[in-house]
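Geometric and topological summary
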Number of protein chains: 2
Amino acid sequence: MTQTHHVEHHFTAGQSVRDVVIGMSDGLTVPFALAAGLTGAIASSHIVITAGLAEIAAGSIAMGLGGYLAARSDAEHYGSELERERLEVVEKPEVEKREVAEVFVAYGLTIEEAAPVVEALSRRPEAWVDFMMKFELGLEKPEPHRALQSALTIAGAYVVGGLVPLAPYMIEGNARAALPFSAAVTLVALFIFGFQTTLIGSIAAAAAYLIASAIS
Amino acid sequence: MTQTHHVEHHFTAGQSVRDVVIGMSDGLTVPFALAAGLTGAIASSHIVITAGLAEIAAGSIAMGLGGYLAARSDAEHYGSELERERLEVVEKPEVEKREVAEVFVAYGLTIEEAAPVVEALSRRPEAWVDFMMKFELGLEKPEPHRALQSALTIAGAYVVGGLVPLAPYMIEGNARAALPFSAAVTLVALFIFGFQTTLIGSIAAAAAYLIASAIS
């Protein structure tokens, strides 16, 4: 039990780091690519900053709120399946016992080999339901407050990340003069997240720049 | 075994629908919010289209490629953990048997009640390793080609979604005149995805509009 708790705790910390990486790498990538793309078509830093801040607002809300609502849907799904399993172990215990056995049959065990665990679980309805949720349905118990914390972390990281590529445009009024500095600070920031995010950021920015240049 | 296969198949189809929803709702939301935000500051539809297409390019690549690389990392993580478990069931079978038993102890079973399943699994090393991967480590076997298919679906849906709010700006040169049409077609499209995405899109667009208006 202690070990399970420890694992979950570790997972939560890892999830927060993951949320920061998700939010910040997208926050660095998309506003940078948008700013670089617009610089291919527009000379004024002011327009680039306007577009960039609008994108940061929209992107952080879409990512954060979208993630929050998705997590809440998952939690509701978990709740309704939990309700159903609770009813089923009471109303159709034989069917549910067979379903527990089938979990083990899928791993090559015989019905006879699985029987002692099936019997033991059927004497503990709470644990039985938990077992079905995880092992039959593959659903993890949602952590309370996790969804909101995750949403705020991702959105905050997106805003912080997005301000990095825009900062040089705030100092330098000529967008074309600001672009190399924006690229430099963004690349340094992306490198902190490793090669993969740098690759994504560079490809996204190049595509945005080419498209914006082509149509203007 | 047939049932397990069926469940996985069902899961894959559900995943594709989910990918379309993820990509298209973000594709509708962020370019719409950006276009609406810029319209608060800029009169020319041409600049809005330039910014919008640059955002679609950057956003679809960041989402698609980002998701692809994340899924590939997960698959690599699965592969290295699988290697480790395979070694451990050969080199430290007693430790691994205890770990299987602990999975059941966490569900209130005694060591004795779990023993027959532990013994049965230990006679089938392949199934034993699969069991440890899923039930001790909570790792699902990654589906081959899933990552690439998911990335392309999300990116494609983002592009299609993003073109919806931009279409009115392509027809109407005055951005302020185009905005109500853009809002109308985007809201209709968001409604198809339900109330939640409409809510996100509206809040994101309002925030982008307010920020862009405030700084210009």
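Bear in mind that the values here come from a model prediction, so they are computed numbers and not experimental data.

A look at the overall build of chain A
- Across its full length, chain A holds eight helices and zero strands.
- When its helices and strands are written in sequence order, chain A yields α-α-α-α-α-α-α-α.
- By the compact-globule yardstick of 17 Å for 216 residues, chain A is too spread out, its C-alpha radius of gyration being 25 Å.
- C-alpha extents for chain A along the principal axes are approximately 75 × 35 × 30 Å.
- Out of the 216 residues belonging to chain A, those deemed buried represent 47%.
- If you sum the accessible surface of chain A, you get close to 10200 Å²; carbon and sulfur atoms cover 67% of it.
- When the 13 basic and 24 acidic side-chain charges of chain A are each reduced to a single mean position, those positions are 2 Å apart.

Some thoughts on the pattern of salt bridges
Residue and element names in this part refer to chain A.
- Enumeration according to the criterion identifies 15 salt bridges over all chains in this entry.
- The partner of E81 in a salt bridge is R84, with the nearest N and O atoms 3.7 Å apart. In this pair, E81 and R84 are both assigned in helix 2 (residues 45-91), three residues apart and thus about one turn of the helix distant.
- A residue is classified by how much of its surface remains accessible, and E81, at 14% relative accessible area, is buried.
- Salt bridges linked by common partners bring E81, R84 and E88 together as one network.

So, a nonpolar patch on the surface
All names here are of chain A.
- Judged by side-chain polarity, V159, L163, M170 and I171 come together as a nonpolar surface patch covering roughly 380 Å² of accessible area.
- One can find V159 in helix 6 (residues 146-171).
- For V159, a relative accessible area of 31% gives the class partly exposed.

Some thoughts on the interface of chain B and chain A
- Across the contact, 63 residues belong to chain B and 63 residues belong to chain A.
- Roughly 5100 Å² is buried in total at the junction of chain B and chain A, and carbon and sulfur atoms are behind 73% of that figure.
- There are five salt bridges connecting chain B and chain A.
- For the salt bridge of R124 of chain B with E113 of chain A, the shortest nitrogen-to-oxygen distance reads 3.2 Å.
- Viewed at the interface, chain A and chain B are joined by eight residue pairs in polar contact (both at pLDDT 80 or more).
- The set of elements that each furnish at least two residues to the side of chain B that touches chain A consists of helix 1 (2-39), helix 2 (45-91), helix 3 (93-105), helix 4 (111-122), helix 5 (125-136) and helix 8 (195-215) of chain B.
- The leading source of residues in the side of chain B that touches chain A is helix 2 of chain B, at 19 residues.
- Split by residue class, the side of chain B that touches chain A holds 39 nonpolar, 13 polar and eleven charged.

Re the relation of the copies chain B and chain A
- Between chain B and chain A, which share one sequence, the superposing operator has a rotation angle of 180 degrees and an axial displacement of 0.0 Å; the RMSD is 0.0 Å. Between the two chains, the operation in question is that of a two-fold axis.

Notes on helix 8 (residues 195-215) of chain A
- The end-to-end C-alpha separation of helix 8 of chain A is 31 Å, in line with the 30 Å expected for 21 residues at 1.5 Å each.
- Within the span of helix 8 of chain A, buried status applies to T197, T198, I200, G201, A204, A205, A207, A208 and A212 of chain A.

Scoring rules and cut-offs
Residues numbered from 1 in each chain as written. Chains lettered and ligands numbered in written order. Predicted model: local features only at pLDDT ≥ 70, side-chain atom pairs only at ≥ 80, totals over all residues. Heavy atoms only, no water. Helix = DSSP H or I, 4+ residues; strand = E, 2+ residues; numbered from the N terminus. Rg over C-alpha atoms; globule rule 2.2 N^0.38 Å. Buried < 20%, exposed > 50% of the residue type's maximum accessible area, 1.4 Å probe, protein only. Areas by Shrake-Rupley, 256 points an atom, 1.4 Å probe, with all protein chains shown as cover. Lys, Arg positive; Asp, Glu negative; His and termini not counted. Charge placed at Lys NZ, Arg CZ, Asp CG, Glu CD. Salt bridge = Lys/Arg side-chain N within 4 Å of Asp/Glu carboxyl O. Patch = residues over 30% accessible without salt bridge, like charges linked within 9 Å, V, L, I, M, F, W, Y side chains within 5 Å. Contact = heavy atoms within 4.5 Å. Buried area = accessible area lost by both parts, 1.4 Å probe. Polar contact = N/O pair within 3.5 Å; in protein donor to acceptor, adjacent residues only side chain to side chain. Nonpolar A, V, L, I, M, F, W, Y, C, P; charged D, E, K, R; others polar. Least-squares fit on C-alpha atoms with pLDDT ≥ 70 in both. Expected span 1.5 Å × (residues − 1).

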